[in-house]
Amino acid sequence: MNGNGKGNGSGALEGAVVAVAGAAGPAGRAALLRLAEAGAVVVASDANATRLAEAVDAARYAHGGATVTGDTVDLLDLGAAREWAAKTEKEFGRIDGLVHLVGGWRGSASFAETDLADWTLLEKLLIRTVQSTSLAFQDGLQRSDRGRYLLISAAGASNPTAGNAAYAASKAAAEAWTLALADSFRKAGGEEGPQSAAAILVVKALVHDAMRAERPNAKFAGFTDVKELADAIAGVWDRPASEVNGKRLWLTPQP
């Protein structure tokens, strides 16, 4: 990051077309703002149309010249995801990134109390949506000279706790799927190395201003602020594809 706390991704992202899945939450909003600030065309999606419209409007107002659009996309439907990817590339002529921020959490007090209904939900939210976006956007990202697929994951995937079995297993599966996409980019690059990359940004947990306001005495130790995450997302475009492809980029100490 540079001296004013901003990432240095503006040059690499100028004119890039970046899709953000799960854009209406706090992390999504921060990512939209940061990518728009860096000069990217930002194409946002979320299942919640009202919150998505608010997030898109906020990014547009913050950066008056930015192109920020929003689509309500059912990412449990691969066909819908493919339509979104095709529409994006047709409208803007290219696709240079997919930032996957679709999230969700369920847990229990102990391993024995795990409710398999939590797995059923998290498998859809945390795995199926990754399958949809990666399969839908792979070809477009492969055609880009700076394609990046970024999964936001959690340290718990590598260090699961008793009450987080469903969540950790879902995140671990999403990571494995993303690493398989990275291998496809590696193979496509041949001896010259990949020109596109799939990488995983790993956090302990995320924190944002509203959480701090609700719990003013909480320390949130080891948490990553959504603005810091947005800077890290933008910064991936600064690094060569060969340096980040297939890598876990840790924003919290490794367990």
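For clarity, every value in this text was computed on a predicted model and none was experimentally measured. (Residues numbered from 1 in each chain as written. Predicted model: local features only at pLDDT ≥ 70, side-chain atom pairs only at ≥ 80, totals over all residues. Heavy atoms only, no water.)

A. Representation of the pattern of salt bridges within the structure. Counted according to the given criterion, the structure contains 17 salt bridges. A salt bridge links R34 to E37, with the shortest nitrogen-to-oxygen separation between them at 3.0 Å. With R34 and E37 both in helix 2 (residues 26–37), this residue pair falls three residues apart, about one helical turn. Salt-bridge contacts for R212 lead to D225; the nearest nitrogen and oxygen are separated by 2.7 Å. Here R212, found in helix 7 (residues 209–214), pairs with D225, found in strand 8 (residues 224–225); they are 13 residues apart in sequence, far enough to count as distant. Looking at R212, the relative accessible area reads 35%, which means it is partly exposed. When its relative accessible area of 8% is taken as the criterion, D225 is described as buried. Counted as one network, the salt bridges with shared partners bring together R94, D96, D145 and R146. (Salt bridge = Lys/Arg side-chain N within 4 Å of Asp/Glu carboxyl O. Helix = DSSP H or I, 4+ residues; strand = E, 2+ residues; numbered from the N terminus. Buried < 20%, exposed > 50% of the residue type's maximum accessible area, 1.4 Å probe, protein only.)

B. Up close: the sheet that holds strand 9 (residues 248–250). One open sheet accounts for seven strands, arranged 3-2-1-4-5-6-9; its pairing is parallel. Looking at the sheet topology across the chains shown, the edges are occupied by strand 3 (68–72) and strand 9. Across the sheet, the axes of successive neighbouring strands diverge by a mean angle of 20°, strand direction being ignored. Where strand 6 (residues 197–203) lies against strand 9, three bridges are found, and the strand directions are parallel. Bridge pairing in strand 9 links I200 to R248. Sheet contacts for helix 5 (residues 116–143): strand 1 (17–21), strand 4 (97–100) and strand 5 (148–154); angle to strand 4, the most-contacted strand, approximately 170°. (Pairing = 2+ DSSP bridges. Axes fitted to C-alpha atoms, helices over the stretch in contact; angles between N-to-C directions. Contact = heavy atoms within 4.5 Å.)

C. Quick look at the packing of aromatic side chains. In total, this model carries two aromatic pairs according to the counting rule given. Ring centres of W84 and F137 lie 5.1 Å apart, and the angle between their planes is 80°; this geometry places the pair in the edge-to-face category. Here W84, found in helix 4 (residues 78–92), pairs with F137, found in helix 5; they are 53 residues apart in sequence, far enough to count as distant. The burial state of W84 is the same as that of F137; both residues are buried. (Phe/Tyr/Trp six-rings, centres within 6.5 Å; stacked < 30°, edge-to-face > 60°.)

D. The arrangement of the environment of Y149 in detail. Within the element layout of this structure, Y149 appears in strand 5. Taking the C-alpha atoms as reference, Y149 lies 8.2 Å from S196; in sequence the two are 47 residues apart. In this structure, Y149 is in contact with L98, H100, V130, T133, S134, L141, T178, L181, A197, A198 and A199, ignoring residues within four places of it in sequence.

E. Here's a closer look at the nonpolar core. Counting 39 residues, the largest nonpolar core has L13 and I233 as the members making the most contacts within it. Elements with a contribution of two residues or more to this core: strand 1, helix 2, strand 2 (41–46), helix 3 (49–62), strand 5, strand 6, helix 8 (226–236) and helix 9 (241–244). For L13, the residues in contact, after removing those within four places along its chain, are V18, L35, A38, G39, A40, R146, A234 and W237. Core analysis: the next-biggest nonpolar cluster, separate from the first, contains 28 residues, V43, V73, L98 and I200 among them. (Core = buried A, V, L, I, M, F, W, Y, C linked by side-chain atoms within 4.5 Å.)

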